[in-house]
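# Structural description and commentary
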Amino acid sequence: MSNNSQWNLFQSTMLNGSDSSMLNFKTLSALTNLNNFPSSRSSNHSPPNYNSQSSQNFPMPSQYQSSQFQQKESSMNNMFNNGLQSSTFDVFSSDNTAPVSRYPPAGNDIFGNDTATANSSNNSNFSNESFGNNQGVRETGIIEKLLHSYGFIQCCERQARLFFHFSQFSGNIEHLKIGDPVEFEMTYDRRTGKPIASTVTKIAPEVVLSEERVTGVVTTELRTEGSGGDTQGRISYENRGECFFLPYNKDDVEGNVTLRTGDQVSFQIATNQRGNLGATHVRLENPVHPVKYQGVVCSMKDVFGYIERADIVKEISFPFTEFKDSSKPLQLGDDVEFIIQTRNGKEVACNIERLPPGSVIFEDIDDTVMKGQVLKPLDKNPQNHLPSEPLPGRIRYRAPDYSEVEVSFGEKDQQGDFTLRHGDWVEFRIATDRRDQLKRATNISLLPESFVVSGERREQGIIAVLKQGFGFLRSVEREPKIYFTFNEVLEVQRKLECNDEVEFTVAQDPSSSFGNSRQSAIRIKHLPRGSVQFELLIEEGLVGVVTVVATELSEPSSPSKNSNHFDDVTFEPGVITLHSSSVKRTILYNIKDCNGKYIPKQGDKVKFNLYQIKRNKELIAMNIHPVNNTHTSDDLKYGYIAALKDGFGFIETIALDSEVFFRYANLNEPSSSLELGMEVEYTVSTRNTGNGGGSCASAENVRVLPPGTINDNCELLQPNVILDGVVSRPLRSVNPDQTEYAGIIQEVPTTEEENILQYEFGIKGLINKKELLQVGDPVQFQVDSKNRAVNIIAIRKKQRAHVDTIKGYFGFLTYEVEGGKKLFFHISEVTDGIKLHQGDLVEFVLVVNQRSGKSSGCNVTKISSAENSPPKQPSQRPEHLINRIRTISVKDDGSPKLIVIRQPLGPDGTNGFDPNARKQHIPGQLNEV
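Conventions used here
All residue numbers refer to position in the chain's written sequence, counted from 1. Note on the predicted model: pLDDT of at least 70 is required for a residue's local features to be given, and 80 or more for side-chain atom pairs to be given and counted; whole-chain, interface and lining totals, by contrast, use all residues. Values reported for side chains reflect all heavy atoms of the structure, with hydrogen atoms and water molecules removed beforehand. Helix and strand labels come from DSSP, where a helix needs a run of H or I of at least four residues and a strand needs a run of E of at least two; each type is numbered from the N terminus. For the exposure calls, accessible area comes from a 1.4 Å probe over protein chains only, and a residue counts as buried if that area is under 20% of its type's maximum, exposed if over 50%, partly exposed in between. Here a residue-residue contact requires only that any non-hydrogen atoms of the pair lie within 4.5 Å. Reported accessibility uses the Shrake-Rupley method at a 1.4 Å probe radius. Residues are deemed covered only where the shown protein chains occlude them. Note on pairing: DSSP must find at least two bridges between two strands before they are called paired. Axis lines are fitted through C-alpha atoms, for helices just across the contact stretch, and the angle between N-to-C directions can take any value from 0 to 180 degrees. Within this analysis, patches are made of residues with over 30% relative accessible area and no salt bridge. Like charges are joined at 9 Å or less; nonpolar side chains (Val, Leu, Ile, Met, Phe, Trp, Tyr) at 5 Å or less. Any carboxyl oxygen of Asp or Glu within 4 Å of a side-chain nitrogen of Lys or Arg constitutes a salt bridge here. Take the buried Ala, Val, Leu, Ile, Met, Phe, Trp, Tyr and Cys residues and link them wherever side-chain atoms come within 4.5 Å; each set so joined is a nonpolar core. The criterion for an aromatic pair is that two Phe, Tyr or Trp rings (for Trp, the six-membered ring) have centres within 6.5 Å, with stacked assigned to planes under 30 degrees apart, edge-to-face to planes over 60 apart and tilted to the rest. By definition here, charges over rings are those cases where NZ of Lys or CZ of Arg is within 6 Å of the ring centre and within 35 degrees of the ring normal. Confidence per residue, as judged by the predictor, is encoded in pLDDT with a range of 0 to 100. As used in this structure description, the phrase polar contact means that two N or O atoms lie within 3.5 Å; if the pair is within protein, one of them must be able to donate a hydrogen and the other to accept it, and residues adjacent in sequence are counted only when both atoms belong to side chains.

Moving on: the overall build of the protein. Scanning the protein from N- to C-terminus turns up five helices and 50 strands. Counting across all 929 residues of the protein, residues that qualify as buried make up 41%. Put simply, of all contacts in the protein between residues at least 6 apart along the chain, 60% involve residues at least 24 apart. By element, 50% of the accessible surface of the protein is carried by carbon and sulfur atoms, the whole surface being about 53,500 Å².

Ordered by their spatial adjacency, five strands build a closed barrel running β29-β32-β33-β35-β34, and the pairing between neighbours is mixed. Recorded for the sheet is a direction-independent mean angle of 50 degrees between the axes of neighbouring strands. Relative to strand β33 (residues 583–589), strand β32 (residues 574–580) runs antiparallel, the two being bridged by seven bridges. In the sheet register, T577 faces β33, and the bridge partner there is T586.

Here V426 shows up in strand β22 (residues 425–433). On the basis of relative accessibility, which here comes to 0%, the residue V426 falls in the buried class. Residues V426 and M370 lie 56 residues apart in sequence; the distance between their C-alpha atoms is 8.3 Å. Residues contacting V426, with those up to four places away along its chain left out, are M370, K371, G372, V374, I395, L420, I444, S445, L446 and L447.

Right, let's get into a nonpolar patch on the surface. Side chains of I806, Y809, F810, F824 and I827 sit close together on the surface and give an oily, nonpolar patch of about 450 Å² of accessible area. Turning to its location among the elements, I827 is positioned in the loop between β48 (822–826) and β49 (841–848). By relative accessible area, which is 31% here, I827 ends up partly exposed.

A separate point is the nonpolar core. Core analysis: the biggest nonpolar cluster contains 29 residues, and L259, F267, I307 and F338 have the highest contact counts within it. Per element, the largest residue contribution to this core is four residues, and it comes from strand β12 (residues 277–286). Residues within four places of F267 in sequence aside, it is in contact with E212, R213, V214, T215, G216, I235, Y237, L246, A279, T280, H281 and V282. Of all hydrophobic cores here, the second largest spans 22 residues; its members include Y640, L705, V727 and A742.

Within the fold, I339 resides in strand β16 (residues 335–343). Accessibility expressed as a relative area gives 9% for I339, which makes it buried. With residues up to four places along the chain from it excluded, the contact list for I339 reads P290, V291, K292, Y293, V348, A349, C350 and N351.

Spatially, five strands are ordered β10-β9-β8-β11-β12 in an open sheet, and the strand pairing comes out antiparallel. Across the chains shown, the open sheet's two edge strands, defined by having one partner strand only, are β10 (242–248) and β12. Across the sheet, the axes of successive neighbouring strands diverge by a mean angle of 45 degrees, strand direction being ignored. Alignment of strand β8 (residues 214–220) against strand β9 (residues 233–239), held across three bridges, turns out to be antiparallel. Of the residues in β9, the one forming a bridge with T220 is R234.

Bringing the pairing of strand β14 (residues 304–309) into the picture now. Where burial is concerned, the two faces of β14 differ: the one with G305, I307 and R309 is buried and the one with F304, Y306 and E308 is not. The sheet contact formed by strand β13 (residues 292–300) and β14 spans five bridges and is antiparallel. By the bridge assignment, G295 is partnered in β14 with R309. The hairpin turn running from β13 into β14, its antiparallel successor, is three residues long. Pairing of β14 with strand β15 (residues 315–319), which is carried by five bridges, proceeds in the antiparallel orientation. Paired with E308 across the two strands is E315, which belongs to β15. Hairpin connection from β14 to β15: five residues lie between these consecutive antiparallel strands.

Turning our eyes to something else, we now look at the pattern of salt bridges. Note that side chains of opposite charge can pair when their charged atoms are close. Per the stated rule, a full pass over the model turns up 36 salt bridges. Among the salt bridges present, the one from R138 reaches E185, with a minimum N-O distance of 3.6 Å. Of this pair, R138 sits in strand β3 (residues 138–146) while E185 sits in strand β6 (residues 181–188), and the two are 47 residues apart along the sequence. For E185, a relative accessible area of 11% corresponds to the buried category. Linking R435 and E308 is a salt bridge whose minimum nitrogen-to-oxygen distance equals 3.2 Å. Of this pair, R435 sits in the loop between β22 and β23 (439–446) while E308 sits in strand β14, placing them 127 residues apart in sequence.

Within the structure shown, the criterion is met by 23 aromatic pairs. Measuring from ring centre to ring centre gives 5.3 Å for Y150 and F163, while their planes differ by 40 degrees; the resulting arrangement is tilted. Separated by 13 residues along the polypeptide, Y150 in strand β4 (residues 150–155) and F163 in strand β5 (residues 161–165) bring together distant segments of the chain. In this pair, the class of Y150 matches that of F163, namely buried. Here the aromatic cluster, defined as three or more aromatic residues joined through ring pairs, consists of Y150, F152 and F163. A cation over an aromatic ring shows up here: R474 above the ring of F534, its NZ or CZ 4.2 Å from the ring centre. Seen from the ring of Y483, R518 lies directly overhead, with NZ or CZ sitting 4.1 Å from the centre.

Strand residues, when the strand is regular, have side chains that alternate between the two faces of the sheet. Of all seven residues that make up strand β39 (residues 679–685), six are buried, and the element is covered over most of its length. In this structure, β39 lies alongside strand β40 (residues 698–704), joined through five bridges in antiparallel fashion. Paired with V684 across the bridge in β40 is A699.

Moving on, we come to the confidence of the model for the protein. Per-residue confidence for the protein gives a mean pLDDT of 75, with 71% of residues at or over 70. Here residues 554–568 is a poorly scored stretch, pLDDT under 50, and it has 31 contacts once near neighbours within four places are set aside; other chains count.

Note on placement: E315 falls in strand β15. For the pair E315 and A349, spaced 34 residues apart in sequence, the C-alpha to C-alpha distance is 9.9 Å. For E315, the contacting residues outside a window of four places in its chain are C298, Y306, I307 and E308.

This part is about the side chain of E771. On the secondary structure map, E771 appears in the loop between β43 (758–761) and β44 (778–783). A polar atom in the side chain of E771 sits 3.2 Å from the side chain of N859. Residues in contact with E771, not counting those within four places in the same chain, are L766, A794, R796 and N859.

Laid out in structure tokens, this is it:
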């Protein structure tokens, strides 16, 4: 066989009138195919035309150019054609394995000789008379046909089909079969001048594949060994009008598919070890009955995606149009079922249907937990990833038979995306892929002994900051905070919280650039509460005096009511002075290191423990508590909660002379629920409160008291007398611009001679603590022994409207205020905490903010639900249309304008018409009045 990698494609030409049964030119595509036949087919099974003409590329010997030779040749061809027409040359054998031929009929053979004489004569005589001089060039070919005493060879190095006589075969002719590879020399027949094969010898068979794929149809299905019969299947295909049947085995079929009778397939032709033809690399193209496959959607692009197949380790593309369920589009990870079609020579998934989750299973996971050691960890640097390595990691473990086994793993096989290192001890399970039986390690978890074996330096700290997918750790041994990502936490299912105590390893962040050598924490392990100590105890039970009070440097950022920490409020450290062995020492302290809510004052005698900070070796006082520093009754103050804001509030003093600022962090019981008017006790702080530069004092140690605890010895002067009045000055919580805190109610005199009296009031005097009394609001009240207004009730006009929208903690009513806008109200203004819905009918009081001038609804009371509210009259104009008409501006272009100077009124002075004025009547008749 030639050493060329491709068959030489050329078109040989022969003598005019050459016999095409001896030399038939075909188009072959691959050099290595010893069995590839031409793909051209005839429309029927008639014998080939042996009088085809072709160009003359081979020189004809001079003795064959005479007219006498041409006449003899023409006569011989006519005789040969007549013989072919009278007999069928190609038929199928009984087992349909390969085409066979009948013997030529009695009479003249293809060379014009008597058949009986030719058969009885010596083969050597035929050789001496028929073959010319040996050319000496050996070629290779395949036995294509074997007849009674001759056959045909398909050349491999060129496109030619040569005749050969059995006498030219060196060996037992009974051992020669169709498809056997042979070696020969080409020569010319002396009588006809046609090229023929001589000195034919059989060569060792080789399994040679055709480069071109051939299409065919499955005629016989594969049978299992236990079912009996032939375990081989057969595929039929046509070649030059002839039908061939090629066997195939289970290993010859690509993919985990079952071929059925009638399925269209493509395959390559090869010779087996015995030299016989067979089909291999059989690929299902179009099944006669579509086969449904399963898989999981693994990738999605703009208009197409990919499905990982469950039958073979392969992905198949699909267009989105092949999924017909429009109610819910396909998503990554969906289990699907589909059929395969070939489009433009490429397999495509079609008729896609969604399956219930968990329907597709790729692998079986063994329940046995194995223990092994990491030989090759995964590379976290994305620049070093190789796409050709789907399972780059390697683990070595000891099998049950005590043999050492290596198994691979990938990125998805870890229980978390934490960093693994060479030599780590891990636990895992063995997963076996159902498609190719590949084993890999999965459910990999890191064992604690890995940190002992590796000898890595572990640090401790707490979680200081949490962001979206990453955070920062406060290390015991380092000053700056250390960056970390959530995937480095070993406990995957644990919810991270600030102040969690952890253990970690500091390493170079693989995602940082070359110039930015940022360090990050990896292999983060949670520790029990109390394991991390930032300070080392040096001495305890020391006593000193506060010489410098710790002060606040910044304000809190809107602390919540239930916050029990300082919300990142920073303080300037204070100083405690003590005398030890006649030596004066000064120790720094922070407010957060004081016990409970105790805040030292200058001159306080305190008891504390001395600690050393591990990261900088500095000394600091902690566990600070007072020594005989109890608050006297003169230090405690009492009042009422007058205002509540976001994170802070104000206390109304008993004297009604001012309000006191406080933070929720200063509450003794931060979990207490605060409400307006609550009685509290507190102490006044002498240090800088940082309350925005205001002049009011700051309250500390605020404690909520039970109702009725504060006894101000106030009694009603006239319990049965209720006075009418008008608010002449509101509380400062309503109008922050005024200097006086207390509000004033002016009594409405009953006679002209009666003097106008005024009474102060505070938050305690309001029956409804949420009532925002404004200037001019009419009220009813009583007077106590301190000449203050108490039991105040606002007399306001109630309005009604429907709820337009509800948006979280506020909403809007269908009541128009300035600018045609809807009236705003807060959910806290709804009485009894009733939940409102759109369309509910409510009753409310209109209040105008003195500072901003904006209106809002207060004391919102639900009257009826939306389903019980009467529908709007269809004759009414839509509210949005009314608002639009009101906001239309008319340009002053000098043209005449129509101005309404008087609105239409009815006879009784009311708007509109009397609904009873118009009555139904018969056309042409008037109703009597």
